[in-house]
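Single-letter residue listing:
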Protein chains: 2
Amino acid sequence: MSAAISPLAPKKYPKMPVIEGVRMATAEAGIKYRGRTDLLAMVFDPGTAVAGVFTRSKCPSAPVDFCRENLPGGKARVLVVNSGNANAFTGRKGRETTSATGKAAAKAAGCNEREVFLASTGVIGEPLDPGKFSHLLDDLVRDARPDLWKEAASAIMTTDTYPKVATATVKLGDVEVAINGIAKGAGMIAPDMATMLSFVATDAPIAAPVLQALLSGGAAKTFNAVTVDSDTSTSDTLLLFATGAASKRGAPSITDVKDPRLSSFKRALGKILKSLALQVVRDGEGARKQIEITVEGAKSARSAKKIALSIANSPLVKTAVAGEDANWGRVVMAVGKAGEPADRDRLSIWFGGNRLAHEGERDPSYSEEATSAYMTRDEIVIRVDLGIGRGKATVWTCDLTKEYVAINGDYRS
Amino acid sequence: MSAAISPLAPKKYPKMPVIEGVRMATAEAGIKYRGRTDLLAMVFDPGTAVAGVFTRSKCPSAPVDFCRENLPGGKARVLVVNSGNANAFTGRKGRETTSATGKAAAKAAGCNEREVFLASTGVIGEPLDPGKFSHLLDDLVRDARPDLWKEAASAIMTTDTYPKVATATVKLGDVEVAINGIAKGAGMIAPDMATMLSFVATDAPIAAPVLQALLSGGAAKTFNAVTVDSDTSTSDTLLLFATGAASKRGAPSITDVKDPRLSSFKRALGKILKSLALQVVRDGEGARKQIEITVEGAKSARSAKKIALSIANSPLVKTAVAGEDANWGRVVMAVGKAGEPADRDRLSIWFGGNRLAHEGERDPSYSEEATSAYMTRDEIVIRVDLGIGRGKATVWTCDLTKEYVAINGDYRS
């Protein structure tokens, strides 16, 4: 665990409004950590719709399997999240734990087991004893309150150095609806949803299939466009809940993803997902700098994203940024290793507004001084123009510092 | 540059025999470094055959382009290598430099420009002025001697902490032939030949197409099966020269790769390539431990290699080994993220002889004590059985330490 708070932590937190139909409670279950909360229950009013995006790992955790089974029902009444143990690669015992927790949560919330969602984060491969927390669920559901978003975000942290929240209010039809989100994640973060848990809720009345389309689309350019260390977790879970409570205030029920009344909501949801994903990057283990990488002029958007991720995951690029060294040669290297179409002699590279390379060689007007000054910033923007097409993509990462090694060389022990 | 020699450096160096038909010379050209050699010329007798394997980077260096153009001729008379500047991403200037160096080397060696081979290693993106060293080539060729293998290996080093050599003698027909090799590389090492230069020579009379088949096959299981940081260089070059001088002593001329007389030679060449590749891994920037990763029971050999590389390139696996932590959960994660066929519930994992996971969960008989003792070794063997097929592959890497970050956060400045 890292003691110091990331220098890229938010300077201040937004005031999180109440989302009608959502209540929360946290507890100190002592699963692994001492003296902090490690258990979250989020309770939803009847009629809440749910959508989800999960890790693409071929070795998903038991809670991911559990959520995937319940998701097609499209309904959620309670979410239980623990930190300290991922319940991943725990075999039969892992399935027994999710089953027991699902039953206990359904009983506590008075709902069907298919309306329960679970997430676990922490060490992989250690059996998770449901007896450590399932007896707490009755009290949690009973005592749940609508105003505990930051506390909820804190309870799900592992190596995170700060809780991550985001909020927006937006018009749906003529009625204001709210969207709140929380997230956790600091390492094992790579596209395809790395050790990232994120839970977003709204009072907008949006049907589950529409919710799913919005979430999948939004995740592609946010949670699936960030990487800390190229490592993908077994446990990544992004869930979006819509209680529909705003319909009482006259908000229209949305059942078609092409409904034009959705456009503001869609934009706001995208902003929340991006904010949460970037908060994860900015809390990347050992991170001192945020790096935004845009690749344009690629053969396709897919190709651009692959090259951008090759740059973002390159230890040599990340250590260069940590050392405040505008080592654009390593960017060339990372473009070259991506295996995607590229023409060395058409490549241009910018660090911020400074063009360092142009048409396959060092830019003759490149200023070492200006670039060195730029590299001292805590947000670095790298732009690459391949000059061969119109494909474009942006991804985000952080630098690679000695602290990353320290945190991860001594995590389990 | 790292000052300290890797703790995994060879305890002693082999005596390198003379390879008849090969002479060498080194010089201090002052291209970037001071007080050390940075230029190597290797001169070959007429009739020397050559084969090569190069980086798969889409942004190869100018010397790689130059070698690729000359390779189809199959003949070599002189090799010129410099360290300190990679002549990569140097555009038109880069091509002018290889052209000028090629001309100067051909003149010095009295050969055709098509018989010249070049390699450069060091910083990317800085123009390399051929005037810094082309005037030295006449003297180098004239003064070249057959007994400078270790000096040659030293001249081509960049962040390497020790020179890398290997040698073998083997029977071809009834005649003993020798194979010598040198290599450099410490970072930006990933399969597909990362910043790795390696030059191997033999006096065996082997035709160029046969040499090429031997080299391509040998590289796949050696140089293309090692990774330090997943980063692939623009400059990787592995060349194999056969002077044929042993034919004077009665060695048979080999013109068919299926010639049964080749078998011992092929095995010995494989051993040399493996020795050199492992010396590169053991000099991985900041490395304290060598890690061998074998994946078996995969759907295919190709799939096994992809999963093995996913484990080998995982920063979380590499930092765990650095911290002497048998964190097999991260191995599960790396299997899962590879995207290859895998069944979580059939997976078994060993660290050395200790089986930590079996059939999808922690091995009940796993001994924390025995495994912890094992992790203190400086050579760690990780074995994964996927249990779904017969595909198998082995790759090698090193651990990821704070020193890697220190070396690479401060390389260019």
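Residues numbered from 1 in each chain as written. Chains lettered and ligands numbered in written order. Predicted model: local features only at pLDDT ≥ 70, side-chain atom pairs only at ≥ 80, totals over all residues. Heavy atoms only, no water.

Per an unreviewed UniProt entry, chain A goes by Arginine biosynthesis bifunctional protein ArgJ and derives from Aquamicrobium defluvii. The record in UniProt for chain A states the following under Function (unreviewed entry): "Catalyzes two activities which are involved in the cyclic version of arginine biosynthesis: the synthesis of N-acetylglutamate from glutamate and acetyl-CoA as the acetyl donor, and of ornithine by transacetylation between N(2)-acetylornithine and glutamate." Chain A has a UniProt comment under Subcellular location (unreviewed entry) that states "Cytoplasm". (UniProt positions renumbered as here; feature names shortened; annotations may be inferred.)

**A look at the domain arrangement of chain A**
All names here are of chain A. Segmentation of chain A into domains returns domain 1 (22–282) and domain 2 (290–408). Here the C-alpha centroids of domain 1 and domain 2 sit 33 Å apart. Taken residue by residue, the interface counts 15 residues in domain 1 and 14 residues in domain 2. Here domain 1 packs against domain 2, burying approximately 1200 Å² in sum over the two surfaces, 57% of which is carbon and sulfur. Its largest share of buried area at the contact with domain 2, domain 1 owes to Ala 225, Thr 227 and Arg 282, together 36% of the area lost on that side. The interface formed by domain 1 and domain 2 holds one salt bridge in total. Between Glu 379 and Arg 282 there is a salt bridge, with its nearest N and O atoms 2.8 Å apart. Inspection of the domain 1/domain 2 interface yields five residue pairs in polar contact (both at pLDDT 80 or more). It is helix H6 (residues 263–282) that provides the largest number of residues to the side of domain 1 that touches domain 2, a total of four residues. Taken together, the residues of the side of domain 1 that touches domain 2 sort by class into seven nonpolar, four polar and four charged. (Domains from an automatic or database assignment. Contact = heavy atoms within 4.5 Å. Buried area = accessible area lost by both parts, 1.4 Å probe. Salt bridge = Lys/Arg side-chain N within 4 Å of Asp/Glu carboxyl O. Polar contact = N/O pair within 3.5 Å; in protein donor to acceptor, adjacent residues only side chain to side chain. Helix = DSSP H or I, 4+ residues; strand = E, 2+ residues; numbered from the N terminus. Nonpolar A, V, L, I, M, F, W, Y, C, P; charged D, E, K, R; others polar.)

**Considerations on the relation of the copies chain B and chain A**
Expressed as a screw transformation, the operator carrying chain B onto chain A has a rotation angle of 180° and an axial translation of 0.0 Å, and the superposed copies differ by an RMSD of 0.0 Å. Here the transformation between the copies is reduced to the relation of a two-fold axis. Every residue of chain B has its C-alpha some distance from the rotation axis, and the shortest such distance is that of Lys402(B), at 2.4 Å. Taken as a fraction of all interface residues of chain B, those also at the interface in chain A reach 100%, which identifies the copy contact as same-surface. (Least-squares fit on C-alpha atoms with pLDDT ≥ 70 in both.)

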